[in-house]
Amino acid sequence: MVTPREQYRILCTQLAGIPDAAFDVRCMFEQVCGKAFEQILFAPALTQEQTDALCAMAVRRNAGEPLQYILGEWEFYGMRLFVGEGVLIPRPDTEALADTAIAHGRAYSAPRIADLCSGSGCLALALEANLPHAQVYAVEKSPAAMHYLRKNAAYHQSQLQIMQADVLLPETAQQLQELDIIVSNPPYLTAQEMQELQTEVRHEPELALYGLTADGLHFYREITKLWKSSLRTGGLLAYEVGDGQAQQVAAILQEHGFSDVRILCDLAGNPRVVEGIYR
């Protein structure tokens, strides 16, 4: 039997080429052992089953698979979310979009909200949890992502209204009217960025990453055009945007009659959210 300290050193050495390998190994230990890492270190030995599970995880991580997929879960806005092959991994950047929508939603007693390209449901669930009287619709096209969206909604005993539909179709937008808030973290990577993806990001679904055009802005143009009439007067449309896209997305909103268009930064100081009010 190997001690936790010995196995920790072995795995850190095996993952030496992975950035933040020590963090990844700690997460693997906590997942396998079901305890905080500091508690695990005091155990006299790992079981053979635990050792085998940790070694299998390290093999997958060395092959470039994302840590989040290996763990099968990740945290977003303080919430545990299940993730895996076929769904976009929730990222801290997106919490800036949640902050924006929650702040706006508090002006309503019972806001109607749509989360377009919902993926794992991270945004929709965060909004529902922080706006307890809201009616939240989560719209997602991908069957693989829908699996995790439904699983996460069930885990959090959510009342989300889940729709499997293509947000780029007019008939989808026509089904949801009189909305107070629309949020979306759509696919926005450019064609060049898709060719330059890191190995682990290549494991995530292209459907959730590629913005379909060379500039990555196709979803912003189409969603703004199709969904603006789904908003009530004074309603908010807010997007997450990629690096270098904020000004262009702001211009798209202005072209479609949105006012009070603002660009907001994430915690790292990067322009990450573009919002506008429908008049």
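Notes on the structure in this doc start here. Everything numeric in this text was worked out from a predicted model, so none of it was measured.

1. A short note on unusual backbone geometry
So, step 1. The backbone of Asp20 shows a phi angle near 55°, a positive value even though the residue is not glycine.
So, step 2. Its identity as a non-glycine residue notwithstanding, Leu212 has a phi of 75°, on the positive side.
So, step 3. Relative to the helices and strands, Leu212 is located in the loop between helix H10 (191-195) and helix H11 (218-227).

2. A short note on the sheet that holds strand S5 (residues 161-164)
So, step 1. Strand order in the open sheet formed by 7 strands is S5-S4-S3-S6-S7-S9-S8, and the pairing between neighbours is mixed. Taken across any chain shown, the strands that pair with only one partner, and hence form the sheet edges, are S5 and strand S8 (258-265). When the angles between neighbouring strand axes are averaged without regard to direction, this sheet yields 15°.
So, step 2. In this sheet, strand S9 (residues 271-278) lies alongside S8 in antiparallel orientation, the contact comprising 6 bridges. Paired with Phe258 across the bridge in S9 is Tyr278.
So, step 3. Together, strand S6 (179-184), strand S7 (231-240), S8 and S9 form the strand contacts of helix H6 (residues 95-105), whose direction differs from that of S7 by roughly 165°.

3. Observations concerning the packing of helix H1 (residues 4-14) against helix H2 (residues 21-33)
So, step 1. Taken N-terminus to C-terminus, the directions of H1 and H2 make an angle of 135°; their axes are 9 Å apart at the nearest point. Accordingly, the angle class assigned to the pair H1 and H2 is oblique. At the point where H1 passes H2, the crossing takes the right-handed sense. Two secondary-structure elements touch here, H1 through Pro4, Gln7, Tyr8, Leu11 and Cys12 and H2 through Ala22, Val25, Arg26 and Phe29.
So, step 2. Residue classes in the contact of H1 with H2 are distributed as 7 nonpolar, 1 polar and 1 charged.

4. Focus on the pattern of salt bridges
So, step 1. Summed over the entire model, instances satisfying the criterion amount to 15 salt bridges.
So, step 2. For Arg91, the salt bridge goes to Glu204, with nearest N and O atoms at 2.4 Å. In this pair, Arg91 is assigned in the loop between strand S2 (79-82) and H6 and Glu204 in the loop between H10 and H11, connecting sequence segments 113 residues apart.
So, step 3. Look at Arg91 and you get partly exposed, because its relative accessible area is 30%.
So, step 4. The class of Glu204 is buried, set by a relative accessible area of 5%.
So, step 5. Here Glu275 makes a salt bridge to Arg262, at a shortest N to O gap of 2.7 Å. Highlighted residues: Glu275 in strand S9 and Arg262 in strand S8, separated in sequence by 13 residues.
So, step 6. When its relative accessible area of 8% is taken as the criterion, Glu275 is described as buried.
So, step 7. Judged by its relative accessible area of 44%, Arg262 falls in the partly exposed class.
So, step 8. A single network of salt bridges, built from pairs that share partners, joins Asp93, Asp243, Asp266 and Arg272.

What counts as what
Residues numbered from 1 in each chain as written. Predicted model: local features only at pLDDT ≥ 70, side-chain atom pairs only at ≥ 80, totals over all residues. Heavy atoms only, no water. Helix = DSSP H or I, 4+ residues; strand = E, 2+ residues; numbered from the N terminus. Pairing = 2+ DSSP bridges. Axes fitted to C-alpha atoms, helices over the stretch in contact; angles between N-to-C directions. Contact = heavy atoms within 4.5 Å. Parallel < 35°, antiparallel > 145°, perpendicular 65-115°, else oblique. Left-handed = near helix turned anticlockwise from the far one by under 90°. Nonpolar A, V, L, I, M, F, W, Y, C, P; charged D, E, K, R; others polar. Salt bridge = Lys/Arg side-chain N within 4 Å of Asp/Glu carboxyl O. Buried < 20%, exposed > 50% of the residue type's maximum accessible area, 1.4 Å probe, protein only.

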